[in-house]
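# Structural features, examined
For reference, the chains in residue letters:
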Amino acid sequence: MTDTGRPHTVPAVAEPATAQPPVAGPPVAETATAEAIGPAHPHPHAHGPHGAGHHGHSHTHPDELAREPAAVQLARWAVELTPAKIPSVIRRALCRQLLDGLGCVLAAARGGQAAPALTVAAALGGPPEAVVPGLAAPVGAPAAALALGALVHALDCDDTHPGALVHATAAVLPALFASAAAARADGPALLTAAAAGYETALRVGLGAPYRFHARGVHATQVAAVFAAAVTSSVLQGRSAEVTAHALGIAGSSAGGLLEFLDTGSDTKSLHPGLAAHAGLLATRLATAGAEGPSTVLEGRHGVYTALAGHAVTADEIVGDLGEMWHVSAVQSKLYPCCHLLHRTLDAAASLHARLIPYGGTSALASVVAEVPPGSEPVVCVPRPHRVAPRTAYEAKFSLPFSTALMLSDGTLSLASYRADALLRPDVTALAARVTHTVRAYDGPDAEAPGVLRALLHDGTALDVRIEGGPVRPPDTARVVAGFHANAGGESALTRELAERVLRLDREDGIDTVLALTSAILATPAVP
């Protein structure tokens, strides 16, 4: 898989002087004035529990701060973050993506997904700290994080940052919702913790874009374990020292193998839950006095060297922290499958329409898709299992099969990946006629053009190209519509929940949001 470098960004734009929320524009790098930051304690020697209060400011020289480990700088920034430091456009993006993720949770719970994780979470039990949709009784926060992480990612319809190839909301929502009630966090505190968590997850992924995947490691679990530690630490008001130790401890749980690609198993769906569980435990261990390496990210045996085979500097991870925000570039999914397929599927939708005058897919002799080098090992090979997936989950990572579904139906939804779809002879026969060729792309693989070259039985050639590059993040209306669909249809309950999540920073806490979520799950789907 090729190194794609830093993500495409453009300077932040001024917000319009209007009370109406602006339509989301292209991925932007929001800028904000950097705040003064306090002292670090990268190598404390106290043996008792670390303090939970915030450290005061000092006159540390900027050059000394620049030499501090990334985890220390990230921890200090996170605990000193306030709602006033978060640009309003970023606050809206956070609420929008949390709503999108909550819809994914409801869709999975309605479909009986993530049952093993829910069973284990219930058995782990613990003090009644958090409510999980689908569980009869509250459980401890770590157990809830395990279940919520599995639910949000179970159907692979949750959002992605194309440059980092990290499932952003799956990295944050489980720890946020699992920890919020026990921390008695109000809306502003929730949004502040979410902002810190999203930024942590995305910066970890962007530190070595696509290099984790190239080594067979799931970047989302790597990023999510750090995001969960930061999110829970901020919610609980932990100090920068405790938060830095939590990050150091969490790094030992970073991982998530991609071996599922060769077996058809759905292990990947568990990765955000495993990461959230480990991240919450890391914060609790740090609070109790456990210490973690301050150089967990960029150190000689740190996460990047060990799991990505790529050395980074602290500045590459946190150099513009507080000035550059990445959540604006997070993409809600149009299709419930691997994000690397989406541009190809856009092209397939266009080709479906062009085939109608020729009699539809029966006219197709062959279809060749162009893919970037990094996509080939994920969605194209081994070919026998991509042409004829063994499980519905494996079909979500199959370019031939997913393309055949779109060419046949002209649409792709959660229902497209039911188990019985694997038995459709028209789709499996068409998938066998879909092949691929590799073409280099100078950018993130998820933003490569979608190109299909079709040859009909009568010799007609039909080529479709969907241009590559960054795309506009979804506007709020589209995300809300997707949320209603995932929640089982629009109703008074889903409308109220959407309104509350979209203004989460004005909520008194998380209790009403979770109660509404459970009520929706207990209500029959709207026809």
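Because the structure is a prediction, the values reported are computed rather than measured.

Scanning the protein from N- to C-terminus turns up 22 helices and four strands. The burial tally for the protein puts 57% of its 527 residues in the buried class. For the protein, restricting intrachain contacts to residue pairs at least 6 apart in sequence, the fraction spanning at least 24 positions comes to 79%. A total accessible area of about 19,600 Å² is found for the protein, and carbon and sulfur atoms account for 57% of it.

Overall, the predicted model of the protein reaches an average pLDDT of 89, with 87% of residues at or above 70. Throughout residues 1–61 the model reports pLDDT below 50, and contacts reaching past four residues in sequence, or to other chains, amount to 140 contacts.

Let us look at the pattern of salt bridges. Summed over all chains, the structure comprises 20 salt bridges. The residue Asp-156 makes a salt bridge to Lys-333 at a minimum N-O spacing of 2.6 Å. Residue Asp-156 is located in the loop between α5 (141–153) and α6 (168–183), and its partner Lys-333 is located in the loop between α13 (314–318) and α14 (342–355); the two are separated by 177 residues in the primary sequence. The exposure class of Lys-333 is buried, given its relative accessible area of 11%. We note a salt bridge from Glu-370 to Arg-439, for which the minimum N-O separation is 3.1 Å.

The next thing to look at is helix α7 (residues 187–206). In this model, α7 (20 residues) spans 28 Å end to end at C-alpha, consistent with the 28 Å of a helix rising 1.5 Å per residue. Of all 20 residues in α7, 18 are buried, a share of seventy percent or more. The N-cap of α7, judged by a side-chain oxygen 3.0 Å from the amide nitrogen of Ala-189 a few residues on, is Asp-186.

This next bit is on the environment of Ser-350. In this fold, Ser-350 is placed in helix α14. Separated by 60 residues in sequence, Ser-350 and Gly-410 place their C-alpha atoms 8.3 Å apart.

For Ser-398, the location among the structural elements is in the loop between α17 (392–395) and α18 (399–409). Apart from residues lying up to four places away in sequence, Ser-398 is in contact with Leu-341, Val-379, Arg-386, Val-387, Pro-389 and Thr-403.

Right, let's get into the packing of helix α10 (residues 240–250) against helix α11 (residues 271–287). Taken N-terminus to C-terminus, the directions of α10 and α11 make an angle of 130°; their axes are 8 Å apart at the nearest point. What the angle tells us is that α10 and α11 run oblique. Along this stretch, α10 crosses α11, giving a crossing that reads as right-handed. Between α10 and α11, the residues in contact are Val-242, His-245, Ala-246, Ile-249 and Ala-250 and Ala-282, Thr-283, Leu-285, Ala-286 and Thr-287, respectively. Here the residues of the contact of α10 with α11 are counted per class, giving seven nonpolar, three polar and no charged.

One can find Leu-414 in the loop between α18 and α19 (425–431). Along the chain, Leu-414 and Leu-155 lie 259 residues apart, while their C-alpha atoms are 7.8 Å from each other. Not counting the four nearest positions on each side in its chain, Leu-414 is found in contact with Ala-107, Leu-155, Cys-157, Pro-336, Lys-396 and Asn-486.

In helix packing, the relevant descriptors are the interaxial angle and the interaxial distance, both defined with respect to the helix axes. In the contact formed by helix α3 (residues 88–110) and α7, the axes pass within 10 Å of each other and the chain directions differ by 85°. The angle between α3 and α7 falls in the class roughly perpendicular. For the pair α3 and α7, the contacting residues are Arg-91, Leu-94, Cys-95, Gln-97 and Leu-98 in the first and Leu-191, Ala-194, Ala-195 and Tyr-198 in the second.

Looking now at the nonpolar core. Residues Val-132, Leu-176, Phe-212, Val-222, Phe-226 and Leu-497 are the most contacted members of the largest nonpolar core, which totals 120 residues. Of the residues forming this core, the biggest block, 13 residues, is contributed by α3. Residues contacting Leu-497, with those up to four places away along its chain left out, are Leu-102, Leu-106, Phe-483, Val-513, Leu-516, Thr-517 and Ile-520. If you look at the next biggest cluster of nonpolar residues, it comprises 46 residues, including Cys-338, Leu-351, Leu-364 and Leu-462.

Within a sheet, each strand pairs with its neighbour through backbone hydrogen bonds, oriented either parallel or antiparallel. Pairing is mixed in the open sheet, where four strands are placed in the order β2-β1-β3-β4. Taken across any chain shown, the strands that pair with only one partner, and hence form the sheet edges, are β2 (434–438) and β4 (461–466). Direction aside, neighbouring strands of the sheet carry axes that sit 20° apart on average. The pairing of strand β3 (residues 450–456) with β4 spans six bridges and is antiparallel. Within β4, the residue paired with Leu-452 across the bridge is Val-464. The strands touched by α18 are β1 (364–371), β2 and β3; relative to β1, the strand with the most contacts, the crossing angle is about 125°.

This paragraph deals with the side chain of Glu-298. Locating Glu-298 in the fold gives a position in the loop between α11 and α12 (303–308). Here Glu-298 occupies a buried position and makes no salt bridge, while the nearest side chain of opposite charge, Arg-76, is found at 12 Å. A polar side-chain atom of Glu-298 sits 3.1 Å from the main-chain amide nitrogen of Ala-70. Setting aside residues no more than four positions away along its own chain, Glu-298 makes contact with Pro-69, Ala-70, Val-312, Thr-313 and Ala-314.

Cut-offs used in this document
- Residues numbered from 1 in each chain as written.
- Predicted model: local features only at pLDDT ≥ 70, side-chain atom pairs only at ≥ 80, totals over all residues.
- Heavy atoms only, no water.
- Helix = DSSP H or I, 4+ residues; strand = E, 2+ residues; numbered from the N terminus.
- Buried < 20%, exposed > 50% of the residue type's maximum accessible area, 1.4 Å probe, protein only.
- Contact = heavy atoms within 4.5 Å.
- Areas by Shrake-Rupley, 256 points an atom, 1.4 Å probe, with all protein chains shown as cover.
- pLDDT = per-residue confidence, 0-100.
- Salt bridge = Lys/Arg side-chain N within 4 Å of Asp/Glu carboxyl O.
- Expected span 1.5 Å × (residues − 1).
- Polar contact = N/O pair within 3.5 Å; in protein donor to acceptor, adjacent residues only side chain to side chain.
- Axes fitted to C-alpha atoms, helices over the stretch in contact; angles between N-to-C directions.
- Parallel < 35°, antiparallel > 145°, perpendicular 65-115°, else oblique.
- Left-handed = near helix turned anticlockwise from the far one by under 90°.
- Nonpolar A, V, L, I, M, F, W, Y, C, P; charged D, E, K, R; others polar.
- Core = buried A, V, L, I, M, F, W, Y, C linked by side-chain atoms within 4.5 Å.
- Pairing = 2+ DSSP bridges.
- Lys, Arg positive; Asp, Glu negative; His and termini not counted.

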